[in-house]
Amino acid sequence: MLYPQTNSCRSVFSLDGLWKFRLINDGFNYNPGDILTSDFEWIAVPASYNDQKEDKAYRRFAGESLYQRSFTLPKIMEAQRLLLRFDAVTNSARVYINSELITTHKGGYLPFEIDITKKVSVGVEFTISVVVDNRVNSTTLPVGNDKLKGAFFGSDNAQVPSVQKGKEYQADINLPNFDFFNYAGLNRSVRIYTTPKTGYIKDITVVTDIVGRDGVISYYALCDNDETVFATLKDKRGSVVATSDNGSIMVKDAKLWSIGKENAYLYTLELSNTSDFYSLSVGIRTIEVRGKQFLLNNQPVYFKGFGKHEDSHIKGRGFDLTYDVKDAGLIHWLGANSFRTSHYPYAEEMYDLCDREGILIIDETPAVGIAAGQANPYEVLDIRAHHEDVIKDMIARDKNHPCVIMWSMGNEPDTESYPREAYEYWHSLYDYTHSLDRQNRPVTFVCSQNDYTRDIVARTMDVVCLNRYYGWYNLSGDLDAAMYALNLELDFWEQQNKPVMLTEYGADTVSGMHATVPEMFSEEYQAQFLLAYGEAFDKRDFIIGEQMWNFADFGTIQGPMRAGGNKKGLFTRERKPKLAAHAMRHRWNNIPDVDYK
Ligand code: E8X
């Protein structure tokens, strides 16, 4: 799926701004065709709605809400095809133009678009209504718990007096099976963009290779008709390097795309036919997992970084390019080189920035929370088809970014309680993911701390990705015991002959809390915790990277373990460094990006 662009054949109109909004929590009988004249709030787009108002319902409520806005398109757009594109509506959407339902979309973290050429008349005002549903349950990704009778009295919770078990307190709330606030709404940009009416370029796929000192770019362009597509490749300065009309371009003495701002060389590939034009940044690079190494341009990479979140005060999960720029700068400041888009694909602009700045991305689907207590999640959750959809849509969106170097199909599923079923589920998705990516990037999922000898699927992934919390969730506060346990486990992985990376390890840390003898929640404990893990990794050649948890503190649901959110950040939510940020900066600046192991 191509990102909208303005050029000689196409144009983009932003629909971001103030929209009319209301929660549909009072049986309000809405007709999407009517512009609301009363009883609405003005709400900012893009942003989550939850923290924009003081009403507690905005944070607690589970259900539908309505966004509405009217537009008139200029008559000069008459000659073109019109597409309405939502970059992300969380968690699902029904879209109306005037009173006609024009599309529905499930899933909150990937774009969708609708051809509205025949639905609107240029020069005539029309209304777009979006009914957004924030609910998560056993059919959504991320997964939520279906509301059970008596759930609020925690029938499975030992703290509940037996006489209260099974009592009901009915209210609609979300019960996320994941540790980030269920921020909802029009979280990313809304646009109308245009293409020519016929002959438009529908899709482009690019694959690059290196042959000696030269680069080879293969491009596959899909058009509305079968006209030849011409390609022009330009270098950074805008000079033409090569042209082609046969899907293949040879680049003599190619400049490669690699890690770091100075090394992230991008060419511009301009594709055109007699009606349309599209230009794409292309980084020439190869990726391969060979033995126990992860090779970028045939050099072994050592991953330094973290899992992140799209999360900030007031905007919630709302797209904010300023945060992206700030975070990329902090990544460089730390001497880090990579992150995982835990736990959903991020806004496209961030990938574009990482292409330019040479930051590696492990791109993750929203498949988090695939666990069902005692039950078999692969039976009780109805997610398989949707999981395939999000993999397909994520690859369709992100396949051309040089910064995307691995696909993560999901985070911390239960793989130990029903090992066979887990194997069948994840391994068939692994084959499916590989089959969709012409670049054939490595594929993995991220494995929860578990009884690792029972899990039979993590060890079959291209890279084994482990989330580990020795010294935090278990062996709490005892780093010596934690290191003993971690090393026992790493002995096991050493025998699997696979590249392994740590995709989470961390300690909640209250910024400003200090201790001479490091104790949990202090800044000193976090720093020592992370450095102790680092020492263990340095002794093992098969550990190809460390992505600690998390880049910054972030919002979560309320709970006895969360004081104003998850505090495992190297930075606070406002991006102020904790002591550990300085410690990791020192460590990472002394570890080269390639050829470390
Ligand atoms: C945590 C992280 C959470 O924020 C992330 O989304 C997924 C969790 C740890 C699971 N991984 O709680 O900070 C720990 C399993 C316990 C052994």
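Scroll up for the structure.
Residues numbered from 1 in each chain as written. Predicted model: local features only at pLDDT ≥ 70, side-chain atom pairs only at ≥ 80, totals over all residues. Heavy atoms only, no water.

Asker: Can you help me understand unusual backbone geometry in this one?
Answerer: Both trends apply: most residues other than glycine have a negative phi, and most peptide bonds are in trans. Here threonine 90 and asparagine 91 are connected by a cis peptide whose omega angle stands at 5 degrees. Inspection of the secondary structure assignment puts asparagine 91 in the loop between strand E6 (89–90) and strand E7 (92–97). For the peptide bond that leads from leucine 141 to proline 142, omega is 0 degrees, which places it in the cis range. Phi angles above zero are rare outside glycine, and glutamate 412 is one such case at about 50 degrees. Unusually for a residue other than glycine, asparagine 440 sits at a positive phi of about 50 degrees. Residue position: asparagine 440 is located in the loop between helix H6 (419–436) and strand E27 (443–447). (Helix = DSSP H or I, 4+ residues; strand = E, 2+ residues; numbered from the N terminus.)

Asker: When you look at the sheet that holds strand E28 (residues 464–467) in this model, what are you seeing that I'm missing?
Answerer: The strands making up a sheet are joined through hydrogen bonds of the backbone, oriented either antiparallel or parallel. The eight strands lie next to each other as E23-E24-E25-E26-E27-E28-E29-E30, forming a closed barrel whose pairing is parallel. Going across the sheet, the axis of each strand differs from the next one's by a mean of 25 degrees, ignoring polarity. In terms of strand pairing, E27 meets E28 through two bridges, oriented parallel. Looking across to E28, one finds that cysteine 447 is bridged to leucine 466. Its contacts with the sheet place helix H3 (residues 348–357) against strand E24 (338–340), strand E25 (360–364) and strand E26 (404–411), and it is angled at close to 155 degrees to E25. (Pairing = 2+ DSSP bridges. Axes fitted to C-alpha atoms, helices over the stretch in contact; angles between N-to-C directions. Contact = heavy atoms within 4.5 Å.)

Asker: Help me understand empty space enclosed by the protein in this model?
Answerer: Where empty space is left becomes clear once a probe the size of a water molecule has been rolled over the atoms. For the structure shown, the criterion picks out six cavities of 30 Å³ or more. Considering only enclosed or pocket space, the largest cavity measures out at about 130 Å³ in volume. Forming the boundary of the largest cavity are 16 residues, of which His309, Glu310, Asp311, Tyr323 and Asp324 lie nearest the centre. Element by element, the count of residues in the lining of the largest cavity is highest for helix H2 (residues 321–334), at three residues. Taken as a whole, the second largest cavity holds about 50 Å³ of empty space. What lines the second largest cavity is simply Lys292, Gln293, Phe294, Pro300, Val301, Tyr302, Asp541, Ile543, Ile544 and Lys597. (1 Å grid on protein atoms, 1.4 Å probe; cavity = no way out; pocket = protein on both sides within 12 Å on 5 of 7 lines; lining within 4 Å. Points joined across faces, edges and corners; volume = space filled by probe spheres on them.)

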